[in-house]
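Geometric and topological summary
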Amino acid sequence: MKALTKLTILALALVTALPALAQGPMPFPPGLAKQLAARASNYTEVTLDKNMLHFASQFMKDKHKDHGKVQVSNLLHNLKAIYVRTYEFKQPGEYTTADLDRIRSQFRGPEWVPMVQSRSHSKDGLEISDIYQKIVNGESQGMLILNAEPKELDFVYIDGHINPSDLGAIGGNFGVPKLHTRPHADHGNSSSHAGANQ
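Residues numbered from 1 in each chain as written. Predicted model: local features only at pLDDT ≥ 70, side-chain atom pairs only at ≥ 80, totals over all residues. Heavy atoms only, no water.

Brief notes about helix α5 (residues 97-104)
Here α5 has its buried residues at Asp99, Leu100, Ile103 and Arg104. Projected down its long axis, α5 shows its buried positions confined to an angular sector of 140°, all on one face. Structurally, α5 contributes buried residues whose contacts are with α2 (30-39), β3 (112-121), β4 (126-136), β5 (139-149) and β6 (152-160). (Buried < 20%, exposed > 50% of the residue type's maximum accessible area, 1.4 Å probe, protein only. Helix = DSSP H or I, 4+ residues; strand = E, 2+ residues; numbered from the N terminus. Arc of directions from axis to C-beta. Contact = heavy atoms within 4.5 Å.)

This is the structure in structure tokens:
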């Protein structure tokens, strides 16, 4: 995730212009977020609450007529918030396994179901992709995406009703990366597990 989309920049500008909009608690450990930001050469932090998502939904519906944008607009109506944190580092080793465990600890409980857990080894080190889905009364009520590369760490938490099939539509919008799972074909040793509960 190298840059924010135009819609994300617009949303961030409105958050600054409208400080009265309340935002829910961030599920990413705040102390860890500050530590990672201090170590990173570049970082992106996006928090969109329900009010901002509603505005973005209306903006996309009014300004775009193609099916893909309308689909994303409809998805946003079911969401409560989107949180994105991306950290890029100049060299490997700037975050630890303990850091990743602190993030995962925010999403433990019987309602959180692992969908994808992928591990692969590149020349720079271990690459990790985790996707967890929150199931409440048989319905999806949230999703966590955690991608960890030796020199980059991506965290996305989508709060609200979203199905795995929706990820392809929302990816690339609001700082959410286009979804791809590892391992890559050119990486030597790899393992992965995938499952879905809907």
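Details of α2
Three- or four-residue spacings in an α-helix give side chains the same orientation, since the helix completes a turn every 3.6 residues. For α2, the full list of buried residues reads Leu32, Ala33, Leu36 and Ala37. Seen from one end, α2 has its buried residues packed into an arc of 135°, which puts them on one side. Along α2, the residues that are exposed and aim more than 90 degrees away from the buried face are Lys34 and Ala38. Residues of α2 that are buried in the fold lie against β1 (42-49), β2 (79-88), α5 and β6.

Points about the packing of aromatic side chains
Tallying each qualifying case throughout the model produces nine aromatic pairs. For the pair Phe89 and Tyr95, a centre-to-centre distance of 6.0 Å together with 40° between the ring planes defines the contact as tilted. One exposure class covers both Phe89 and Tyr95, and it is buried. Judged by centre distance (6.1 Å) and plane angle (50°), the ring pair of Phe107 and Phe155 falls under tilted. A residue pair is termed long-range when its members are at least 10 positions apart, and Phe107 in the loop between α5 and β3 and Phe155 in strand β6 qualify at 48 residues. For the residue pair Phe107 and Phe155, the accessibility class agrees, reading buried in each case. One aromatic cluster in this structure is built from Phe28, Tyr43, Tyr83, Tyr87, Phe107, Trp112, Phe155 and Tyr157. (Phe/Tyr/Trp six-rings, centres within 6.5 Å; stacked < 30°, edge-to-face > 60°.)

A few points about the environment of Leu76
In this structure, Leu76 sits in helix α4 (residues 67-76). Sequence separation of Leu76 and His161 is 85 residues, and the distance between their C-alpha atoms is 9.2 Å.

Considerations on the pattern of salt bridges
Under the criterion given, the structure shown has four salt bridges. Residues Arg104 and Asp130 are paired through a salt bridge, measuring 2.9 Å at the closest nitrogen-oxygen approach. One end of the pair, Arg104, is in helix α5; the other, Asp130, is in strand β4, and 26 residues separate them in sequence. A salt bridge links Arg119 to Asp130; the nearest nitrogen and oxygen atoms lie 2.7 Å apart. On the criterion of sequence distance, the pair formed by Arg119 in strand β3 and Asp130 in strand β4 is long-range, its members being eleven residues apart. Looking at Asp130, the relative accessible area reads 0%, which means it is buried. What you see here is one network of salt bridges that share partners, running through Asp101, Arg104, Arg119 and Asp130. (Salt bridge = Lys/Arg side-chain N within 4 Å of Asp/Glu carboxyl O.)

Notes on the packing of α2 against α5
Here α2 crosses α5 at 140°, and the two axes come no closer than 11 Å. Considering their axes alone, α2 and α5 lie oblique with respect to each other. Viewed along their axes, α2 and α5 form a crossing whose handedness is left-handed. Residue-level inspection shows Gly31, Leu32, Gln35, Leu36 and Arg39 of α2 in contact with α5, the latter providing Asp99, Arg102 and Ile103. Per-class residue counts for the contact of α2 with α5 are three nonpolar, two polar and three charged. (Axes fitted to C-alpha atoms, helices over the stretch in contact; angles between N-to-C directions. Parallel < 35°, antiparallel > 145°, perpendicular 65-115°, else oblique. Left-handed = near helix turned anticlockwise from the far one by under 90°. Nonpolar A, V, L, I, M, F, W, Y, C, P; charged D, E, K, R; others polar.)

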